[in-house]
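Okay, here's what each chain looks like letter by letter:
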Amino acid sequence: MTNKKVKVATTSLAGCFGCHMSFLDLDERLVELVEHVQFDRSPLTDIEHCSTDCDIGLIEGGVCNSENVHTLREFRKNCKILVAVGACAINGGLPAMRNHISLEDCLNEAYRDGLGVENAQIPSDVELPLLLDKVHPIHEVVKIDYFLPGCPPSADVFWKFLTDLLAGREPSLPYELVHFD
Amino acid sequence: MVIEEIQGDFMQQFIKQLAKDNDFKSTSLLSILRAIQTRYFHIPKEAIEQLAELLNIPRTQIQNVIAFYSFFHFEPRGKYDILISSSITDLMVGQEELINYFSEKLDVKIGEVRADSVVSLNNTSCTGMCDQSLAGLVNGYAITKLTKARIDEIVENVNKQLPLEKWSRDLFDVQDNIIKPDLLLNQKPTQGEAINATFARGLMETLNEVEKSGLRGRGGAGYTTAWKWKFCHEENADQRYIVCNADEGEPGTFKDRVLLNSYADSVFEGMTVAAAIIGATQGFIYLRGEYLHLYEKLEAILAARRNANLLGKNILQHGFDFDIEICLGAGAYICGEESALIESLEGKAGIPRNRPPYPVVSGYLNKPTSVNNVETFLAAANIAIHGGEWFANLGTAKSKGTKVLSISGDCAKVGIYEYAFGTTIQTILNDCGASDVLGVQVGGPSGTFISNDEFERKIAFEDLATGGSFIVFNNSRNILDIVHNFSHFFAHESCGFCTPCRVGTSLLKKQVDKIVEGHGSAGDIVALEELCQLIKNYSHCGLGQTAANPVLTTLERYPELYQSMLKKISYEPGFDLDKSLETARRMAHRDDAHAHLAQVED
């Protein structure tokens, strides 16, 4: 491994931060990791935008609204390697369950007709991102280089993937790490 | 309320009687559900509960069957349920325009039921009428050669609520279109001739003749028929079954429809000969639901054969019992796969079984079962009469005899042609009057697309194997439209049992759509190819294993065509990003800059 630290950016789109929590399960291995890695834009650092020279972007969650599209594009533009992390990024996951219901029905239920809704109205503000009519896996919006399966991927998956990349190897996950039942 | 209760009572009585007529056998589930669907335009919840009890099967099994077959519905369809075939040959005669015209005239959206419950309209997979497109079904009965004038007539009938029996017969006219008969189609054997010849020669001697004839399965897979019968015969069992596979669902194939319409006696005779050889007393003909129009005619022929002692007890005094029952399918392409067909015969969803054991060892009700194609039985009956050599004289070293082809598409004379194996594509194209040909789809979507450089290739198991589908395309056609239609077909017909096929065919459809609709970019062809290999190599049965063929065979021949569809950028989403914000924009009453998305980032 070279001395220059590898820049890693992370974000959660339509996800639950569970993949980020799982990442933190690296525990004491995090100490070893930060010797080789510098975190750029990430909920872990509170840096708002990606530097232009990020090496690895880890994306949790699918694409459910216009802001997700912008974020994802920023990552694609600035990261050499972009990785779909976890079931929601890869397939849409839990948020994509709304794909079977029309967006109109979803919004009406949540903001107008639902039980206990007060001051019923559809939120409208330029600051608010608009919802896409379907939740999409991230590879349907930008090109993705690698996919880490799991809900969430275990800390060992992150470890194996990142250490492979840091060592200059083509990352590969052994069967035990992608075997779920 | 009172009326509803009385109707409920009526339905209960009706279902009870139905179950009773079918001896409360769960294997009759499909035929019972067909009757309920026909009468009530759907399968009501109460009917499911009642049937579960009467047939002593789980409610979920019945729900599974209803969900599985296209012709069963949980929600009522219209009193007139109209389905329009969306096979490629239908698209070639303007299916899209005509179904939209139909929809407009009937005032019902495609896929929906009109508010007054009188009529519903939808697309359906190939109905086996590619020689008389545009085709469709009204309450299950085939309608052909639809034009705007004929559609107007149907709309008038529907709006007048004229009973189907009073519609002009011309709407239901189905032509045989036999253009070029040869060895088999020229035979006019007398009733019982094959049975008598078989017993005169001896059963095992006749099996030897079938082996000598080199007859191989005519469904397309080409397994040696005599071996199938031999293995089935040798299996130790107290009962064996003969099944005729008339679930002709491969788009572009319609020869079994014609064989059953005009050669049914010989087909039944072939089944009887096979039953005598393997030792079966019961046979089934699994007739695809789309061929409902043949049902009564075939029942009448079976009845006549029973009267003539060609079926039933002690057939023609040979001391052998055998009878044939017709089972109607309910709209599922996969049931053409023999183990799925057997599941369907048993009253279940048509999901292919694990093989081995093969049906000849453990088939219908786990008894040895020989499933053969309609044309195979027709050939076998004639071989029983004329001997193996008569048949083996024609054809090539590995493919003996003749093959009946269903020719459709861009040619002057669509219809049924019989050729000795080894005939070149060029000869066939000359005969059917095809000119300016771009290519031919041989063997249907699951077969091969051949380009106009390959017309010296031959119809034969060792070259171009086919179940009989032969669709001609001229140079005005776009190959990607064809691939688009076929990939949608497979995604619709996947039985859903295994993930590589269920998910794979849908992903393949999406990826083809992406490229055809012009959203493709640099990596998309590679992704397409990877997906094809995955579906082909990991699917459970033949459907999945061949579902990628339309893409693979055209990608191999026309790589530059695919490449020309790609944009010169690294990536573009496969769907319209800005359009997918439309609902949210409308509901939030917004149209500011932040309420829009560019398709590709600057």
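These figures come from a predicted structure and were not determined experimentally.

**Q** So what exactly am I meant to see when it comes to the overall build of chain B here?
**A** A count of helical and extended segments in chain B gives 24 helices and 14 strands. Computed over the C-alpha atoms, the radius of gyration of chain B is 25 Å, within 12% of the 25 Å expected from 2.2 N^0.38 for a compact globule of 602 residues. Seen through its C-alpha atoms, chain B measures out along the principal axes to roughly 90 × 70 × 45 Å. In chain B, the share of contacts with a sequence separation of at least 24, taken over all contacts with a separation of at least 6, comes to 72%.

**Q** What is the right way to read the overall build of chain A from this model?
**A** In terms of regular secondary structure, chain A is built from six helices and seven strands. Order of helices (α) and strands (β) in chain A, N terminus to C terminus: β-α-α-β-β-β-α-β-α-α-β-β-α. Each principal axis of the C-alpha distribution contributes one length, and for chain A these read about 55 × 40 × 30 Å. Counting the 181 residues in chain A, one finds 36% classified as buried. Taking all contacts inside chain A whose residues are at least 6 apart in sequence as the whole, residues at least 24 apart take part in 78%.

**Q** Explanation requested: the domain arrangement of chain B in the structure shown.
**A** Reports often express the size of an interface as the amount of accessible area lost when the parts come together. Residue and element names in this part refer to chain B. Taken as a whole, chain B is organised into domain 1 (2-68), domain 2 (80-175), domain 3 (179-392), domain 4 (402-477), domain 5 (480-564) and domain 6 (577-602). One C-alpha centre belongs to domain 3, the other to domain 4, and the line joining them spans 26 Å. Contact residues are listed per partner, giving 19 residues for domain 3 and 26 residues for domain 4. Elements represented by at least two residues in the side of domain 3 that touches domain 4 include exactly strand E5 (178-180) and helix H11 (255-262). Residues belonging to the side of domain 3 that touches domain 4 are distributed by class as follows: eight nonpolar, five polar and six charged.

**Q** Explain the sheet that holds strand E5 (residues 79-85) of chain A to me, please; I cannot follow it from the model alone.
**A** Pairing between the strands of a sheet comes from backbone hydrogen bonds, and it takes one of two forms, parallel or antiparallel. Residue and element names in this part refer to chain A. What the five strands build is an open sheet, ordered E2-E1-E3-E5-E7; its pairing is parallel. The two strands at the open ends of the sheet, each matched to only one other strand, are strand E2 (37-39) and strand E7 (146-148). In this sheet, neighbouring strand axes are inclined to one another by 30 degrees on average, regardless of whether the strands run parallel or antiparallel. Together, strand E1 (6-12), strand E3 (54-60) and E5 form the strand contacts of helix H3 (residues 66-78), whose direction differs from that of E5 by roughly 135 degrees.

**Q** I keep staring at the sheet that holds strand E1 (residues 80-85) of chain B and nothing clicks. Help me out?
**A** Residues and elements named next belong to chain B. Read across the open sheet, the four strands follow the order E2-E1-E3-E4; overall the sheet is mixed. Whereas interior strands pair on both sides, the edge strands pair on one side only; in this sheet they are strand E2 (119-124) and strand E4 (141-143). With direction set aside, neighbouring strand axes in the sheet form an average angle of 25 degrees. Where E1 lies against E2, six bridges are found, and the strand directions are parallel. The residue bridging Asp81 from the neighbouring strand is Ser120, located in E2.

**Q** So what exactly am I meant to see when it comes to unusual backbone geometry here?
**A** A negative phi angle characterises most non-glycine residues, just as the trans form characterises most peptide bonds. Residues and elements named next belong to chain B. A cis amide bond links Ser133 to the next residue, Leu134, at an omega of -5 degrees. In this structure, Leu134 sits in the loop between E2 and strand E3 (136-138). Residue Pro356 is bonded to the preceding Arg355 through a cis peptide linkage, with omega at -5 degrees. Residue placement: Pro356 occurs in the loop between helix H14 (338-345) and strand E9 (369-373). At Phe24, a position not held by glycine, the phi torsion is positive, near 55 degrees. In this fold, Phe24 is placed in the loop between helix H1 (2-21) and helix H2 (29-40).

**Q** I would appreciate a short explanation of the environment of Ser262(B) in the present structure.
**A** Position of Ser262(B) among the secondary structure elements: in helix H11. The spatial distance from the C-alpha of Ser262(B) to the C-alpha of Ala340(B) is 27 Å, given a sequence separation of 78 residues.

**Q** Looking at this structure, I do not really get the pairing of strand E10 (residues 402-409) of chain B. What am I missing?
**A** Working note: regular strand, side chains alternate between the two faces of the sheet. Residues and elements named next belong to chain B. Of all eight residues in E10, eight are buried, a share of seventy percent or more. Going residue by residue along E10, you find Thr402, Val404, Ser406 and Ser408 tucked away on one face and Lys403, Leu405, Ile407 and Gly409 tucked away on the opposite face as well. Two elements, E10 and strand E11 (residues 415-420), share six bridges in a ladder whose sense is antiparallel. Bridge pairing in E11 links Leu405 to Tyr417. Adjacent in sequence and paired antiparallel, E10 and E11 are bridged by five residues.

**Q** Can you help me understand the confidence of the model for chain B in this one?
**A** Fine structural detail should not be taken from predicted coordinates in areas where pLDDT scores are low. Summarising the model, chain B shows a mean pLDDT of 96, and 99% of its residues fall at 70 or more. Taken over the whole predicted complex, pTM reads 0.89, whereas the ipTM for its chain interfaces reads 0.92.

**Q** I'm lost on the interface of chain A and chain B in this one. Help?
**A** Taken together, the contact between chain A and chain B spans 19 residues of the former and 21 residues of the latter. Those elements that place two or more of their residues in the side of chain A that touches chain B are H3, helix H5 (103-113) and strand E6 (131-136) of chain A. In terms of residue count, E6(A) provides more of the side of chain A that touches chain B than any other element does, four residues in total. Partitioned by chemical class, the residues of the side of chain A that touches chain B number 11 nonpolar, two polar and six charged.

**Q** Whenever I open this one, the nonpolar core confuses me. Can you help?
**A** The biggest cluster of nonpolar side chains holds 162 residues, and the ones touching the most others in it are Val243(B), Val267(B), Ala274(B), Tyr286(B) and Ala380(B). Other than its neighbours up to four places away in sequence, Val267(B) contacts Cys244(B), Leu259(B), Leu260(B), Val374(B), Phe377(B) and Leu378(B). Counting 46 residues, the second largest nonpolar core, distinct from the first, contains Ala84(A), Ala87(A), Phe158(A) and Leu577(B).

**Q** Which parts of the structure should I look at to understand the packing of helix H10 (residues 225-234) of chain B against helix H12 (residues 264-278) of chain B?
**A** Packed helix pairs are characterised by how far apart their axes lie and by the angle those axes make with each other. Residue and element names in this part refer to chain B. Two numbers describe how H10 lies on H12: the axes approach to 8 Å, and their chain directions differ by 45 degrees. Considered as vectors, H10 and H12 are oriented oblique to each other. When H10 is examined against H12, the residues Trp229, Cys232 and His233 are found in contact with a partner set consisting of Ala274, Ile277 and Ile278.

**Q** Would you explain the pairing of E9(B) in this entry?
**A** Residue and element names in this part refer to chain B. Extensive coverage of E9 is indicated by the burial of five of its five residues. Burial along E9 is two-sided: Thr369, Val371 and Asn373 and Ser370 and Asn372, pointing in opposite directions, are all buried. Taken together, the five bridges between strand E6 (residues 241-246) and E9 define a ladder with parallel strand orientation. By the bridge assignment, Val243 is partnered in E9 with Val371.

**Q** Is there a simple way to think about the packing of H12(B) against helix H13 (residues 295-307) of chain B in this case?
**A** All names here are of chain B. Axis separation between H12 and H13 bottoms out at 10 Å; the angle between their running directions is 60 degrees. Viewed along their axes, H12 and H13 adopt a mutual orientation that is oblique. The interaxial crossing formed by H12 with H13 has right-handed handedness. Contacts between H12 and H13 involve Ala264, Asp265 and Phe268 from the former and Leu298, Ile301, Leu302 and Arg305 from the latter. When its residues are assigned to classes, the contact of H12 with H13 shows five nonpolar, no polar and two charged.

**Q** I would appreciate a short explanation of the environment of Asn68(A) in the present structure.
**A** Residue and element names in this part refer to chain A. When you line up the elements, Asn68 lands in helix H3. For the pair formed by Asn68 and Pro129, sequence separation is 61 residues and the distance between their alpha carbons is 8.6 Å. Apart from the residues lying within four places of it in its own chain, the contact partners of Asn68 are Leu13, Ala14 and Val63.

**Q** Whenever I open this one, helix H9 (residues 203-213) of chain B confuses me. Can you help?
**A** All names here are of chain B. All of the buried residues along H9 are Thr206, Leu207, Glu209, Val210 and Ser213. All buried residues of H9 project into a common sector of 155 degrees when viewed along the axis, lining one side. Seen from the buried face of H9, the exposed residues on the opposite side, beyond 90 degrees, are Met204 and Glu205. Within two residues after H9, Gly214 carries a phi angle of roughly 75 degrees, on the positive side.

**Q** How do you make sense of H2(B) when you look at a structure like this?
**A** Residues spaced three or four apart along an α-helix face the same direction, because each turn holds 3.6 residues. Between its first and last C-alpha, H2(B) extends 16 Å over 12 residues, near the 16 Å set by a 1.5 Å rise per residue. If you check which residues of H2(B) are buried, you get Leu29(B), Leu30(B), Ile32(B), Leu33(B), Arg34(B), Ile36(B) and Gln37(B).

Here is what the cut-offs are and how they apply
- Residues numbered from 1 in each chain as written.
- Chains lettered and ligands numbered in written order.
- Predicted model: local features only at pLDDT ≥ 70, side-chain atom pairs only at ≥ 80, totals over all residues.
- Helix = DSSP H or I, 4+ residues; strand = E, 2+ residues; numbered from the N terminus.
- Rg over C-alpha atoms; globule rule 2.2 N^0.38 Å.
- Contact = placed C-beta atoms within 7 Å.
- Buried ≥ 20, exposed ≤ 12 C-beta atoms within 10 Å, placed from the backbone.
- Domains from an automatic or database assignment.
- Nonpolar A, V, L, I, M, F, W, Y, C, P; charged D, E, K, R; others polar.
- Pairing = 2+ DSSP bridges.
- Axes fitted to C-alpha atoms, helices over the stretch in contact; angles between N-to-C directions.
- pLDDT = per-residue confidence, 0-100.
- Core = buried A, V, L, I, M, F, W, Y, C linked by C-beta atoms within 7 Å.
- Parallel < 35°, antiparallel > 145°, perpendicular 65-115°, else oblique.
- Left-handed = near helix turned anticlockwise from the far one by under 90°.
- Arc of directions from axis to C-beta.
- Expected span 1.5 Å × (residues − 1).

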